[in-house]
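Chain by chain, the residues run as shown.
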Amino acid sequence: GDSVTQMEGPVTLSEEAFLTINCTYTATGYPSLFWYVQYPGEGLQLLLKATKADDKGSNKGFEATYRKETTSFHLEKGSVQVSDSAVYFCALSVDDYKLSFGAGTTVTVRA
Amino acid sequence: NAGVTQTPKFQVLKTGQSMTLQCAQDMNHNSMYWYRQDPGMGLRLIYYSASEGTTDKGEVPNGYNVSRLNKREFSLRLESAAPSQTSVYFCASSEASRGDTQYFGPGTRLTVL
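This is a predicted model, so every value here is computed, not measured.

### Details of the nonpolar core
Within the largest apolar cluster, 27 residues are counted, with the highest numbers of intra-cluster contacts made by Trp35, Leu75 and Tyr88 of chain A. Contributing elements (two or more residues each) for this core: strand E2 (11-14), strand E3 (19-21), strand E4 (23-26), strand E5 (32-38), strand E6 (44-50), strand E8 (62-65), strand E10 (86-93) and strand E12 (105-110) of chain A. With four residues, E10 of chain A is the largest single contributor of residues to this core. Beyond its immediate stretch of four places on either side in the chain, Leu75 of chain A contacts Leu19, Thr20, Ile21, Trp35, Leu47, Leu48, Phe62, Glu63, Ala64 and Tyr88 of chain A. In this structure, Cys23, Val66, Cys91 and Leu110 of chain B belong to the second largest nonpolar core, which totals 20 residues.

As structure tokens, then:
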């Protein structure tokens with residue numbers, strides 16, 4: 001079935017460090033890909049998305065490029081802040097609107 | 001706009017008790033969803049409603065029932081709670097197209113003793 005695998009955490013970084021969270025997917029069709037973020041005590045919110053190959057999603061300094069050849073959608077940010085501390089989820093949807101989520105990666109940024 | 005609202009925020013039940021989790025959205029979305037979040041497992045879909053009047057099972061439907069009361073409201077019922085249902089429950093809504101963003105509520109933290 002359709003699934004997402006993302007790097008396990010937790011990840012701890014210093015402020016202004018570079019962040020990468022790896023995400024790969026398995027899908028029978030042509031999925032849309034998403035990154036959601038969950039701040040402490042809150043629900044999930046969309047961070048960015050890409051709906052076709054080679055699309056780049058970006059928001060709040062985060063970027064991810066839909067790579068069909070490597071079935072990947074890695075999340076990157078060049079300089080993290082303490083406020084980026086959260087749990088990050090990679091997700092996909094294929095022929096319908098249901099989402100399949102990865103396990104989540106907890107990121108902690110220290111001042 | 002309130003977006004997606006859920007009640008209650010916290011609940012403690014004893015094994016065998018029943019309860020209903022309420023969800024409402026004010027974005028005029030067609031589709032609504034119930035997920036559970038467990039440590040290390042991401043979110044798993046329990047039930048969804050593609051449109052008013054329809055409901056379908058997701059990945060982990062056993063032990064749950066749902067009702068799409070109208071376009072705004074989608075409730076999740078536990079008829080006889082079990083400790084394995086201890087989790088954080090999220091409701092979400094979206095338009096009915098592939099690639100559409102899902103908007104999540106703040107969650108309900110349920111503990112079953």
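Structure's up, so let's keep going.
### A short note on the layout of surface pockets
In this structure, the largest pocket occupies an estimated 530 Å³ of space. If you trace the largest pocket, you find 25 residues lining it, with Gln38 of chain A together with Gln37, Val88, Phe90 and Arg109 of chain B closest to the centre. Counting residues per element, the lining of the largest pocket draws most heavily on E10 of chain A, which supplies three residues. Residue composition of the lining of the largest pocket, by class: 12 nonpolar, nine polar and four charged.

### Section: the sheet that holds strand E8 (residues 74-78) of chain B
Residues and elements named next belong to chain B. Read across the sheet, four strands follow the order E1-E3-E8-E7 without closing on themselves; strand pairing throughout is antiparallel. Only two strands of the sheet have a single neighbouring strand rather than two, namely strand E1 (4-7) and strand E7 (64-68). Strand after strand, the sheet turns through a mean of 20° between neighbouring axes, direction not considered. Pairing between E1 and strand E3 (residues 19-25): four bridges, direction antiparallel. Bridging from a neighbouring strand, Thr7 pairs with Gln22 of E3.

### Quick word on the pattern of salt bridges
Residues and elements named next belong to chain B. Going through the model one piece at a time under the given rule, you end up with six salt bridges over all chains. Linking Asp38 and Arg36 is a salt bridge whose minimum nitrogen-to-oxygen distance equals 2.9 Å. One exposure class covers both Asp38 and Arg36, and it is buried. Taking the shortest distance from any N to any O, the salt bridge between Arg44 and Asp38 comes out at 2.8 Å. The class for Arg44 is buried, based on a relative accessible area of 17%.

### Let's talk about unusual backbone geometry
Note: most residues except glycine have negative phi, and most peptide bonds are trans. The omega angle of the peptide bond from Gly9 of chain A to Pro10 of chain A is -5°, so this bond is cis rather than trans. Relative to the helices and strands, Pro10 of chain A resides in the loop between strand E1 (3-6) and E2. Put simply, Thr7 of chain B and Pro8 of chain B share a cis peptide bond, and its omega is -5°. Mapped onto the elements of the fold, Pro8 of chain B is located in the loop between E1 and strand E2 (10-13). For Glu16 of chain A, which is not a glycine, the phi torsion comes out positive at approximately 75°. When you line up the elements, Glu16 of chain A lands in the loop between E2 and E3. When its relative accessible area of 60% is taken as the criterion, Glu16 of chain A is described as exposed. Residues other than glycine seldom take positive phi values, yet Thr71 of chain A does so here, at roughly 45°. Structurally, Thr71 of chain A can be placed in the loop between E8 and strand E9 (75-77). On the basis of relative accessibility, which here comes to 30%, the residue Thr71 of chain A falls in the partly exposed class.

Cut-offs and rules
Residues numbered from 1 in each chain as written. Chains lettered and ligands numbered in written order. Predicted model: local features only at pLDDT ≥ 70, side-chain atom pairs only at ≥ 80, totals over all residues. Heavy atoms only, no water. Core = buried A, V, L, I, M, F, W, Y, C linked by side-chain atoms within 4.5 Å. Buried < 20%, exposed > 50% of the residue type's maximum accessible area, 1.4 Å probe, protein only. Helix = DSSP H or I, 4+ residues; strand = E, 2+ residues; numbered from the N terminus. Contact = heavy atoms within 4.5 Å. 1 Å grid on protein atoms, 1.4 Å probe; cavity = no way out; pocket = protein on both sides within 12 Å on 5 of 7 lines; lining within 4 Å. Points joined across faces, edges and corners; volume = space filled by probe spheres on them. Nonpolar A, V, L, I, M, F, W, Y, C, P; charged D, E, K, R; others polar. Pairing = 2+ DSSP bridges. Axes fitted to C-alpha atoms, helices over the stretch in contact; angles between N-to-C directions. Salt bridge = Lys/Arg side-chain N within 4 Å of Asp/Glu carboxyl O.

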